[in-house]
Amino acid sequence: MPKISVEVPAELLTDLDDHVGEDGKFVNRSEAIRASVRKTLDLLDEIDQRHGRVENEH
């Protein structure tokens, strides 16, 4: 899996960390960031479909 480096504002990282750990939704920051990226891409795909920019795969 490729690795990337990215600068993240402290307030976003603090918000993200609220969802990471033993009592959180995600095991670690990497998992949380991957899930967030995937969700964002899915939403962008939906927007593109509604605007006719891509064909439906169904």
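Residues numbered from 1 in each chain as written. Predicted model: local features only at pLDDT ≥ 70, side-chain atom pairs only at ≥ 80, totals over all residues. Heavy atoms only, no water.

1. Concerning the environment of asparagine 28
Alright, step 1. Note that asparagine 28 resides in the loop between α1 (10-17) and α2 (29-50).
Alright, step 2. Its relative accessible area of 34% is what places asparagine 28 among the partly exposed residues.
Alright, step 3. When the C-alpha atoms of asparagine 28 and leucine 41 are compared, they prove to be 20 Å apart, with 13 residues separating the residues in sequence.
Alright, step 4. At 3.1 Å, the side chain of asparagine 28 and the backbone nitrogen of serine 30 are in polar contact.
Alright, step 5. Engagement of the side chain of asparagine 28 in a polar contact is seen with the backbone nitrogen of glutamate 31, the distance being 2.7 Å. (Helix = DSSP H or I, 4+ residues; strand = E, 2+ residues; numbered from the N terminus. Buried < 20%, exposed > 50% of the residue type's maximum accessible area, 1.4 Å probe, protein only. Polar contact = N/O pair within 3.5 Å; in protein donor to acceptor, adjacent residues only side chain to side chain.)

2. Observations regarding the pattern of salt bridges
Alright, step 1. Evaluation of the coordinates by the stated rule reveals three salt bridges.
Alright, step 2. With a closest N to O distance of 2.8 Å, aspartate 17 and arginine 29 form a salt bridge. Here the residue aspartate 17 occupies a position in helix α1, and arginine 29 occupies one in helix α2, the gap between them amounting to twelve residues. (Salt bridge = Lys/Arg side-chain N within 4 Å of Asp/Glu carboxyl O.)

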